[in-house]
Amino acid sequence: MQYTNTQDQVRILGISGSLRKASFSTAILRTLARKAAPLMLIDVMTLEEIPFYNEDLDRSPGSSAIARLKRSVVESDGVLIATPEYNHGIPGVLKNALDWTSRPAFQSCFRNKPVSIISSSLAFTGGVRAQYQLRETLIAMHAQLVMGPEVVIGGVHTKFADSEYNDETGLSFIMESLERLRVEALVRRTSMVAY
Ligand SMILES: Cc1cc2nc3c(=O)[nH]c(=O)nc-3n(C[C@H](O)[C@H](O)[C@H](O)COP(=O)(O)O)c2cc1C
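Predicted, not measured: the structure shown is a model, and the values here were computed from it. (Residues numbered from 1 in each chain as written. Predicted model: local features only at pLDDT ≥ 70, side-chain atom pairs only at ≥ 80, totals over all residues. Heavy atoms only, no water.)

Q: Hey, could you run me through empty space enclosed by the protein in this one?
A: Left-over empty space is what a probe sized like a water molecule reveals as it rolls over the atoms. All chains considered together, the criterion is met by 3 cavities of 30 Å³ or more. By volume, the largest cavity is sized at about 120 Å³. Along its surface, the largest cavity is lined by 14 residues, and Ser116, Ile117, Arg135, Val146 and Pro149 are the ones closest to its centre. Of all elements in the fold, only β4 (114-120), α4 (128-140) and α5 (168-194) reach the threshold of two or more residues within the lining of the largest cavity. In terms of residue count, the dominant contributor to the lining of the largest cavity is β4 (3 residues). Lining the second largest cavity are Met45, Thr46, Leu47, Glu48, Glu49, Ile50, Ala65, Arg68 and Leu69. At 3 residues, helix α2 (residues 64-75) tops the list of elements feeding residues into the lining of the second largest cavity. When grouped by side-chain class, the residues that make up the lining of the second largest cavity number 5 nonpolar, 1 polar and 3 charged. (1 Å grid on protein atoms, 1.4 Å probe; cavity = no way out; pocket = protein on both sides within 12 Å on 5 of 7 lines; lining within 4 Å. Points joined across faces, edges and corners; volume = space filled by probe spheres on them. Helix = DSSP H or I, 4+ residues; strand = E, 2+ residues; numbered from the N terminus. Nonpolar A, V, L, I, M, F, W, Y, C, P; charged D, E, K, R; others polar.)

Q: What should I look at first to understand the pattern of salt bridges in this one?
A: Where charged atoms of side chains with opposite charge meet at close range, the side chains can pair. Summed over the entire model, instances satisfying the criterion amount to 5 salt bridges. Here Asp77 ties to Arg189 by a salt bridge, and the two come within 3.0 Å at their closest N and O atoms. Here Asp77, found in the loop between α2 and β3 (78-84), pairs with Arg189, found in helix α5; they are 112 residues apart in sequence, far enough to count as distant. On the basis of relative accessible area, Asp77 is assigned to the buried category, the value being 11%. (Salt bridge = Lys/Arg side-chain N within 4 Å of Asp/Glu carboxyl O. Buried < 20%, exposed > 50% of the residue type's maximum accessible area, 1.4 Å probe, protein only.)

Q: Can you help me understand unusual backbone geometry in this one?
A: Trans peptide bonds make up most of the peptide bonds, and negative phi angles are found at most residues other than glycine. With an omega of 5 degrees, the peptide bond running from Ala37 to Pro38 counts as cis. In the segment running from Arg103 into Pro104, the intervening peptide bond is cis, with an omega of 0 degrees. Within the secondary structure, Pro104 sits in the loop between α3 (92-101) and β4. Phi is positive for Phe106, which is not a glycine, with a value near 65 degrees. Looking at where Phe106 falls in the secondary structure, it is placed in the loop between α3 and β4.

Q: What is the right way to look at the packing of aromatic side chains in this model?
A: Think of a pair of aromatic rings as described by two things: how far the centres are apart, and how the planes are tilted against each other in angle. Tallied over the entire structure, the rule returns 3 aromatic pairs. Ring geometry for Phe24 versus Phe160: centroids 5.1 Å apart, planes at 50 degrees, classification tilted. Linking Phe24 in helix α1 (residues 24-36) with Phe160 in strand β7 (residues 160-161), this pair joins segments that are 136 residues apart in sequence. Relative to Trp100, the ring of Tyr53 lies with its centre 4.7 Å away and its plane at 65 degrees, an arrangement referred to as edge-to-face. Placement of Tyr53 in the loop between β2 (40-45) and α2 and of Trp100 in helix α3 is noted, with a sequence separation of 47 residues between them. The structure contains a cluster of three or more aromatic residues connected by ring pairs, namely Phe24, Phe160 and Tyr165. In this arrangement the basic side chain of Arg135 is found over the ring face of Tyr132, its NZ or CZ atom lying 5.0 Å from the centre. (Phe/Tyr/Trp six-rings, centres within 6.5 Å; stacked < 30°, edge-to-face > 60°. Lys NZ or Arg CZ within 6 Å of the ring centre and 35° of its normal.)

As structure tokens, this is what we get:
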């Protein structure tokens, strides 16, 4: 049995930017949830229950799906977003969910939350344009982007076997990125205890 000091263990919310059942983005998160445990517990969430953002409805008591999403962000030590690129940008469902979580203005549940991004695409470009659009949105929400080489997965459909992301080179690169997220999450947890 693998020994894990629970103080080193972080809880990460994995959000997929795709609603597709056979989504590569969601499948990548599920693969990483298996590979990163037990040091990193990744809870994978998809966004099909999130309604369209409407400021008229953005009051308490609101939609239970929104409450669950916000609570999951608050209770996590960090967030990992895996997204495809749609028309050179981020999918509407992901932007919509982030708009909900961005409110109240300047008090977003993402404020100071360590966030890492993985973009993927069938194309060679791996969704890199969506990745940069997503960074801008997260900056507007005062999230704490985890710095380091971007994780961009091109030709994603060639890197799967039996619904499992199996590109060994890519996986070791991604695990290094996840370790940076884990460290940032631990630093944030420690600084929250200090204050
Ligand atoms: C509406 C739509 C727009 C797309 N636009 C782009 C694009 O701009 N760039 C790109 O690389 N791939 C684009 N794609 C291809 C997606 O990246 C690809 O289908 C990806 O696998 C979808 O992610 P998923 O597997 O997580 O659902 C687009 C796909 C759809 C459905």
